[in-house]
Amino acid sequence: MCSKLRTDSLCVRGGWTPKNGEPVELPIIQSTTYKYDNSEEMAMLFDLKKEGYFYTRLANPTNDAVARKIAQLEGGIGAMLTSSGQAANFYAVFNICEAGDHIVASNEIYGGTFNLFGVTMKKLGIACTFVSPEASDEEIQAAFRPNTKLLFGETISNPGCKVLDIERFARIAHSNGVPLVIDNTFATPVNCRPFEWGADIVTHSTTKYMDGHATQVGGCVVDSGNFCWEQYADKYPGLCTPDDSYHGLTYTKAFGKMGYLTKLVAQLMRDLGSIPAPQNSFLLNLGLETLHLRMRQHCSNALSVAQFLHDDERVAWVHYAGLDDDPCHELAQKYMPKGTCGVLSFGLKGDRETAIKWMDSLQMINIVTHVADSRTCVLHPASHTHRQLSDEQLRQAGVAPDLIRLSVGIEDVEDILDDIRQALEKL
């Protein structure tokens, strides 16, 4: 295949190039294990001295083809699929962190990730300091410690819809000798490629736009190959010193730029096992084939909806970076000139119950936990996805009690607006 394919073509043809007589569509290799003619070949696989397949928990041809496609879309050197977006974020961080370490993260991130970093990983001995993405360089710098291992943020925050200044965060991370990890779920590589702005590792919940049809749960970790782990060997012993579980193998020395990904698969996936089923990866690949088309429609519809809400007197506020007067508009134009995503947040004049009443009056738009689907759907985070957080934690995570997250789908935009309008008239 031509290595210079553009994004739209990679969505369709990336990852899988059939040879003569092979199926055009990526096949589902629904097998746990793979046969070899002698035990020496199997031994070489287990010692990481040879590439190949021996157990699907570590590698599967269907999964690997889809991972290659996502890596190509992001411009990375490789990727690994996981069974969920939360698993992807956990793996990306835990691959270079251990008990006694520390991370810095934007507080404008998905509530589940906020809880993962602030509560669950704390139980593993990994501390997290949250910072506002709008804080000054000096304020963000003050959050770093000698044992800080990475800086984390979301391209477009869920559910606040704030755009991260990726270039600035990359500069701060690198000045502290740590990588920048970016969750690029909402923008997707169709609209933003964080590696081009200095990010080092990208994660995705492939459950969202990449799938696009609410058919599978999955995640992905993509490595740019740009961060020099060996330059900070003392800070990353898991990558730069011998691994006793692999006969003293040192990942960065044995695999160079692929050291981070090799450890991710050979050690973490081996031990924790959050692998997606090949059937799920097959479904994900079908979604990826139309990602470039769907994102254009999502963005077009969302801008129309955002403009309608912006001008309606019953609406208190709207956050959508596509609006000219949105605080993130300038950043969006820099990082995502073709469009951001289909998700917007807004608040109605009134209180929390006003938001609930409006949602309960909707007829076509679905009230669901999901987001970034082909169907328009809505959620009140304070009552649903973020309900485990206290009011103070909600404020820290950038979630107001009246915030409504509206994920605009690819239906006819007039039908979406009709449903929003009739529900507003019932307030």
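Please read all numbers here as calculations on a predicted model, not as lab measurements. (Residues numbered from 1 in each chain as written. Predicted model: local features only at pLDDT ≥ 70, side-chain atom pairs only at ≥ 80, totals over all residues. Heavy atoms only, no water.)

Trainee: Honestly, the packing of aromatic side chains in this entry has me stumped. Any pointers?
Mentor: What characterises a pair of aromatic rings is the spacing of the ring centres plus the angle enclosed by the ring planes. Counted by the stated rule, this structure contains 14 aromatic pairs. Ring centres 6.2 Å apart and planes at 80° place the aromatic pair Phe 90 and Tyr 91 in the edge-to-face group. Plain terms: the ring middles of Phe 90 and Phe 94 are 5.0 Å apart, the flat faces sit at 20° to each other, and that makes the pair stacked. Separated by 4 residues within a single helix, Phe 90 and Phe 94 lie in helix H4 (residues 85–94), roughly one turn from each other. An aromatic cluster of at least three residues, connected via ring pairs, comprises Phe 227, Trp 229, Tyr 232, Tyr 236 and Tyr 260. (Phe/Tyr/Trp six-rings, centres within 6.5 Å; stacked < 30°, edge-to-face > 60°. Helix = DSSP H or I, 4+ residues; strand = E, 2+ residues; numbered from the N terminus.)

Trainee: Mind showing me how you'd approach the packing of helix H3 (residues 61–74) against helix H12 (residues 278–288) here?
Mentor: Two numbers describe a pair of packed helices, the interaxial angle and the distance between the axes. Closest axis-to-axis distance for the H3/H12 pair is 8 Å, and the angle between their directions is 35°. Considering how the two elements wind past one another, H3 and H12 form a crossing that is left-handed. Contact with H3, carried on its side by Thr 62, Asn 63, Val 66, Lys 69, Ile 70 and Leu 73, involves Pro 278, Ser 281, Phe 282, Leu 284, Asn 285 and Leu 288 of H12 and no other residues of that element. (Axes fitted to C-alpha atoms, helices over the stretch in contact; angles between N-to-C directions. Left-handed = near helix turned anticlockwise from the far one by under 90°. Contact = heavy atoms within 4.5 Å.)

Trainee: What should I look at first to understand the sheet that holds strand E4 (residues 148–154) in this one?
Mentor: In any sheet, the strands associate via hydrogen bonds between backbone groups, in a parallel or an antiparallel arrangement. Taking strand neighbours across the sheet as the criterion, the 7 strands line up as E1-E7-E6-E5-E4-E2-E3 in an open arrangement whose pairing is mixed. In this open sheet, the two strands that pair with only one neighbour each are strand E1 (78–82) and strand E3 (127–131). Strand-to-strand twist across the sheet, computed as the mean angle between neighbouring axes with direction ignored, equals 20°. In the sheet, E1 pairs with strand E7 (residues 219–223) via 5 bridges, with the strands oriented antiparallel. Counterpart to Thr 82 in the pairing with E7 is Gly 219. Contacting E1, strand E2 (102–106), E4, strand E5 (180–183), strand E6 (201–205) and E7, H4 runs over the sheet at an angle of about 160° to E6. Sheet strands in contact with helix H11 (residues 259–272) are E1, E6 and E7, and its direction is about 25° off that of E1. (Pairing = 2+ DSSP bridges.)

Trainee: Help me understand the sheet that holds strand E8 (residues 315–319) in this model?
Mentor: Spatially, 5 strands are ordered E8-E9-E12-E11-E10 in an open sheet, and the strand pairing comes out mixed. Single-partner strands in this sheet number two, and they are E8 and strand E10 (366–367). Running over the sheet, helix H15 (residues 352–360) touches strand E9 (343–348), E10, strand E11 (377–379) and strand E12 (404–407) and is turned about 120° from E9.

Trainee: What am I meant to see in the environment of Lys 123 here?
Mentor: Within the secondary structure layout, Lys 123 lies in helix H5 (residues 111–123). Residue Lys 123 is classed as exposed on the basis of its relative accessible area of 71%. (Buried < 20%, exposed > 50% of the residue type's maximum accessible area, 1.4 Å probe, protein only.)

Trainee: Just checking my understanding: could you explain the nonpolar core for this structure?
Mentor: Counting residues in each nonpolar core, the largest one holds 90 residues, and the members touching the most others are Ile 70, Phe 117, Leu 180, Trp 229 and Tyr 260. Here Trp 229 is in contact with Ile 96, Pro 179, Ile 201, Tyr 236, Leu 239, Cys 240, Thr 252 and Tyr 260, once residues within four sequence places are set aside. Residues Val 318, Leu 348, Leu 406 and Val 413 belong to the second largest nonpolar core, which totals 28 residues. (Core = buried A, V, L, I, M, F, W, Y, C linked by side-chain atoms within 4.5 Å.)

Trainee: Is there a simple way to think about the packing of H4 against H11 in this case?
Mentor: Contact geometry for H4 and H11: axes closest at 10 Å, N-to-C directions at 115°. For the element pair H4 and H11, the recorded crossing hand is right-handed. Residue-level inspection shows Phe 90, Tyr 91, Ala 92 and Phe 94 of H4 in contact with H11, the latter providing Tyr 260, Leu 264, Leu 268, Met 269 and Leu 272. When grouped by side-chain class, the residues that make up the contact of H4 with H11 number 9 nonpolar, no polar and no charged. (Nonpolar A, V, L, I, M, F, W, Y, C, P; charged D, E, K, R; others polar.)

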